[in-house]
Amino acid sequence: MPATSNIYPTKQLQERDAAHHIHPFTDTGALNREGSRIITGAEGVWLTDSDGNRYLDGMAGLWCTQVGHGRKEIADAVYDQMRQLDYYNTFFKTSHPPAVELADKLAQLTPPQFNRVFYTGSGSEANDTVFRMVRTYWDLMGEPKRKHIIGRWNGYHGSTLAGTSLGGMTAMHAQGDLPIPGVHHIAQPYWFGEGGDMSQEEFGLLTARELERAIEEIGPENVAAFIAEPIQGAGGVIIPPETYWPEISRIVKKFGILLVVDEVICGFGRLGTWFGSDYYGIEPDLMPIAKGLSSGYLPIGGVMVADKVANAFIEKGGEFFHGYTYSGHPACCAAALANLKIMEEEKLVERVAEDIGPYLQKSWKELGDHPLVGEARMVGLVGALELVPVKGDRSKAFTPVGDVGTLCRDISFNNGLVMRAVRDSMIISPPLVISHEEADMLVERATKTLDQTFDRLKRDGRLAA
Ligand SMILES: *Cc1c(COP(=O)(O)O)cnc(C)c1O
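These numbers were taken from a predicted model, which means no experiment stands behind them. (Residues numbered from 1 in each chain as written. Predicted model: local features only at pLDDT ≥ 70, side-chain atom pairs only at ≥ 80, totals over all residues. Heavy atoms only, no water.)

**Details of the overall build of the chain**
Quick note on the threshold: Every helix listed is a DSSP run of H or I at least four residues long, and every strand listed is a run of E at least two residues long, numbered separately from the N terminus. Throughout, radius of gyration means the C-alpha value; the globule benchmark is 2.2 Å times the number of residues raised to the power 0.38. Each residue is assigned to one of three classes by its accessible area relative to the maximum for its type, calculated with a 1.4 Å probe on protein chains only: buried under 20%, partly exposed between the two thresholds, exposed over 50%. The Shrake-Rupley method, run with a 1.4 Å probe, gives the accessible areas here. Residue values count only the displayed protein chains as cover. By the counting rule applied here, Lys and Arg register as positive and Asp and Glu as negative, while His and the ends of each chain are not counted. For charged residues, the charge sits on one atom: NZ in Lys, CZ in Arg, CG in Asp, CD in Glu.
In terms of helices and strands, the chain carries 18 helices and 14 strands. Here the C-alpha radius of gyration of the chain, 22 Å, is about what a compact globule of 465 residues would show, namely 23 Å. Counting the 465 residues in the chain, one finds 56% classified as buried. Working note: accessible area of the chain is about 20,300 Å², and carbon and sulfur atoms make up 53% of it. Distance between charge centres in the chain, computed from 44 positive and 60 negative side chains, equals 2 Å.

Following this line, the structure appears as structure tokens:
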């Protein structure tokens, strides 16, 4: 463990947190009564809290810590960069070595149509950039009516105005009177929850064809782009049926709209390929990236811009009145470069595809036999367990939705494993460096958690007889 001894009593930290800190995606009133869990240190896949408890970080922070916590190489690279050039902007005809080097590196790693990046500070900002870039692109192409963007219900593209609007989280839309006009949503390819009696293949086609229907309804001459995650992350690790992406690609090509593939979670090895687009064989025109780009060590994101779009801006765009003070921040670029270097040197993408991915998938999928689990699914190192009241019956869910997931998550924390609850499914997305032994511990702790949750529900009479 690193020498991050915690000198403050937990209670005192919790009180000051409650007094002065409004948390993201949190019922602050409830949290303030309960008290936050204070994390004081981390190394590899392990977190330590202010009372010295250790947790296996099954979520890699928030889906981002690909190379694990506490990597000295990244800390050193950031330190060196800050000593050399702490900050300078990339506006007004200036650049600096780390921004140049990272852009070049990203052009190499991403699919061949991508040769340029627009830097942002986060995934949300990347999607705000997408929003303005897409609309401006069609203006430049002489088709200014093409302003409508189609996303998906239960998709997640961040929490800014454009991110929230493009995403399909209704609870988020309700706060701030969103989405922005001109954004539409179609059904998600969530077979387990919404597929009814259909086969996965049929359901994949049906939900993809919703895009065609939406385009025809809005008028093909008015549609600018479709945006989607390869696998929905925050929506509950929704892995689309195999028929889904090929059909989406066909429709996108048929109508000539732009395809935006949000790689903020799937990018940088999560699926055992550099990008989710590689995994599914998709050809996006724009690719928002963030999270795994720097393993979360410092905030950085970007939009990969395909030549087709970049050339329109370069040849006839004039000035794009858009950018962030921290676009291409030197220290953040240095962190990203050091992170990507580790990923390449340790062959983490190959490791997910050939070694630890298949290893964890095997035991994770065996959790599908548990009486509380309706489905266990995983691609690469991102997976979910659907908790159900009646095993073998996909039409039955717990009511109210979400209670059981929260209960299971809290039990998991007590068992020293961080899993995330989305509705009543449990999500994992561990660091790509997780060892076989740690993967075994993850599954052991998840099993214990499922057993305890099951017993609790049985005792409370919440399971079918
Ligand atoms: C997390 C996430 C975002 C938003 O990224 P932030 O860095 O939190 O702004 C966007 N898209 C997807 C798919 C994400 O998972």
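After presenting the structure, the write-up continues.
**With respect to the sheet that holds strand β1 (residues 39-43)**
Rules: Here a strand pair is declared whenever DSSP counts at least two bridges between the two strands. A fitted line through C-alpha atoms represents every axis, and for helices the fit uses only the stretch in contact; the resulting angles, taken between N-to-C directions, go from 0 to 180 degrees. Any two residues whose heavy atoms approach within 4.5 Å are treated as being in contact.
Pairing is antiparallel in the open sheet, where 3 strands are placed in the order β1-β2-β3. The sheet is open, and its two edges are formed by β1 and β3 (54-56), each paired on a single side. Adjacent strand axes in the sheet meet at a mean angle of 25° when their direction is disregarded. Packing of helix α18 (residues 436-459) onto the sheet brings it into contact with β2 (46-49) and β3, and relative to β3 it is tilted by some 95°.

**A closer look at the site of the ligand**
The test is simple: Nearness is judged by heavy atoms alone; a residue qualifies as near a molecule or strand once a single heavy atom is within 4 Å of it. Residues adjacent in sequence count toward polar contacts only when both atoms are side-chain atoms; beyond that, a polar contact is any pair of N or O atoms within 3.5 Å, and within protein one must be able to donate a hydrogen and the other to accept it. Each residue gets one label: Ala, Val, Leu, Ile, Met, Phe, Trp, Tyr, Cys and Pro are nonpolar, Asp, Glu, Lys and Arg are charged, and the others, such as Gly, are polar.
The environment of the ligand is made up of Ser122, Gly123, Ser124, Asn127, Tyr156, His157, Gly158, Glu229, Asp262, Val264, Ile265 and Lys291. With respect to the ligand, the backbone of tyrosine 156 contributes an N or O atom lying 3.5 Å from a nitrogen atom. Surface burial for the ligand is 83%, taken as the share of its 380 Å² of free accessible area covered by protein chains. A per-class count over the shell around the ligand returns 3 nonpolar, 6 polar and 3 charged.

**Side note on the layout of surface pockets**
How we decide: A pocket here means an open set of points on a 1 Å grid, computed over the protein atoms alone, that has protein on both sides within 12 Å along at least five of seven lines. A cavity is instead a set of points where a 1.4 Å probe fits but cannot get out; residues with an atom within 4 Å of a point line either one. Grid points are joined across faces, edges and corners, and a volume is the space filled by probe spheres set on the points.
Considered as a void within the structure, the second largest pocket measures approximately 910 Å³ in volume. Listed by contribution, the elements that provide at least two residues to the lining of the second largest pocket are α5 (97-109), β4 (114-120) and α13 (307-316). For the lining of the second largest pocket, the element with the most residues is β4, which contributes 5 residues. In terms of residue class, the lining of the second largest pocket is made up of 15 nonpolar, 8 polar and 4 charged.

**Topic: the packing of aromatic side chains**
Stated precisely, the cut-off is as follows: Here a pair means two rings of Phe, Tyr or Trp (six-membered ring of Trp) with centres within 6.5 Å. Their orientation is stacked below 30 degrees between planes, edge-to-face above 60, and tilted elsewhere. Charges are assigned to positions over rings by a cutoff of 6 Å between ring centre and Lys NZ or Arg CZ, combined with an angular limit of 35 degrees from the ring normal.
Counted by the stated rule, this structure contains 11 aromatic pairs. Aromatic side chains phenylalanine 118 and phenylalanine 320 sit 6.1 Å apart centroid to centroid with 70° between the ring planes, which places their arrangement in the edge-to-face category. Remark: phenylalanine 320 occurs in the loop between α13 and α14 (330-345) and phenylalanine 118 occurs in strand β4; sequence separation between them is 202 residues. Taken together, the ring pairs connect Phe118, Phe313 and Phe320 into an aromatic cluster. Cation over ring: arginine 37 sits above phenylalanine 413, and NZ or CZ is 3.5 Å from the ring centre. Across the ring face of tryptophan 46, the terminal group of arginine 54 is positioned such that the distance to the ring centre comes to 4.7 Å.

**Let's talk about helix α6 (residues 123-140)**
Worth spelling out the cut-off: Expected span of a helix, by definition, is 1.5 Å for each gap between consecutive residues, and there is one gap fewer than residues.
Look at α6: 25 Å from first C-alpha to last across 18 residues, which is about the 26 Å you get at 1.5 Å a residue. Where burial is concerned, most of α6 is hidden: 13 out of the 18 residues are buried. The residue sitting at the N-terminus of α6 and contributing the capping side-chain oxygen is serine 122; that oxygen lies 3.5 Å from the backbone nitrogen of serine 124. Backbone geometry just downstream of α6 places glycine 142 in the positive-phi region, at approximately 75°.

**Describing the nonpolar core**
Here is the rule: The nonpolar core is taken to be a set of buried Ala, Val, Leu, Ile, Met, Phe, Trp, Tyr and Cys residues, with the residues joined through side-chain atoms within 4.5 Å. Throughout the structure description, domain borders are defined by an automatic or database domain assignment.
Formed by 103 residues in total, the largest nonpolar core has its most connected members in Leu102, Phe226, Trp364 and Leu387. The element best represented in this core is α14, accounting for 10 residues. Residue-level mapping places this core at the junction of two domains, with at least three residues from each of domain 1 (37-67 + 349-458) and domain 2 (73-345). The contact partners of leucine 102, leaving out residues within four places of it in the chain, are Tyr119, Leu293, Ile300, Cys333, Ala336, Leu337 and Leu340. Counting 27 residues, the second largest nonpolar core, distinct from the first, contains Ala126, Tyr137, Val183 and Val305.

**Some details on α13**
Turn by turn, an α-helix covers 3.6 residues, leaving residues three or four places apart pointing in a common direction. How we decide: Working definition: the arc comes from the directions between the helix axis and the C-beta atoms, pointing outward to the latter.
Within the sequence span of α13, burial applies to Val309, Ala310, Ala312 and Phe313. In a view along the axis of α13, the buried residues occupy a sector of 155°, so they form one face of it. Those residues of α13 that are exposed and aimed more than 90 degrees away from the buried face are Ile314 and Glu315. In this fold, the buried residues of α13 make contact with β4, α6, β8 (258-261), β9 (286-289) and β10 (301-306). Backbone geometry just downstream of α13 places glycine 318 in the positive-phi region, at approximately 65°.

**Comments concerning the environment of phenylalanine 398**
Examined against the element boundaries, phenylalanine 398 turns out to sit in the loop between β12 (382-387) and α17 (403-414). Of the residues examined, phenylalanine 398 reaches a relative accessible area of 3% and is grouped as buried. When the C-alpha positions of phenylalanine 398 and aspartate 17 are compared, they lie 33 Å apart, and in sequence the two are 381 residues distant. Each residue touching phenylalanine 398, except ones within four places of it in the same chain, is listed here: Leu372, Leu387, Val388, Pro389, Val404, Asp424, Leu457, Arg462 and Leu463.

**A word on the domain arrangement of the chain**
Accessible area lost when the parts come together is the quantity often used to give the size of an interface. Selection criterion: Note on definitions: salt bridges are taken to be side-chain nitrogens of Lys or Arg within 4 Å of carboxyl oxygens of Asp or Glu.
Once the domains are mapped, the chain shows domain 1 (37-67 + 349-458) and domain 2 (73-345). The gap between the C-alpha centroids of domain 1 and domain 2 is 26 Å. Contacts between domain 1 and domain 2 engage 30 residues on the former and 34 residues on the latter. Our enumeration of links across domain 1 and domain 2 arrives at 0 salt bridges. Those elements giving two or more residues to the side of domain 1 that touches domain 2 turn out to be α3 (60-63), α15 (348-354), β11 (373-379), β12 and β13 (420-422). If you tally residues by element for the side of domain 1 that touches domain 2, the top one is β11, at 5 residues. Grouping the constituent residues of the side of domain 1 that touches domain 2 by class yields 18 nonpolar, 6 polar and 6 charged.

**Quick notes on the pairing of β8**
What counts here: Handedness is read with the strands pointing away from the viewer; a crossover is right-handed when the path from the first strand over the helix to the second is clockwise.
Going residue by residue along β8, you find Leu258 and Val260 tucked away on one face and Leu259 and Val261 tucked away on the opposite face as well. Sheet topology note: the strand β7 (residues 223-228)/β8 ladder contains 4 bridges and is parallel. Following the sheet pairing, phenylalanine 226 is matched in β8 by leucine 259. Traced from β7 through helix α11 (residues 244-255) to β8, the parallel crossover comes out right-handed.

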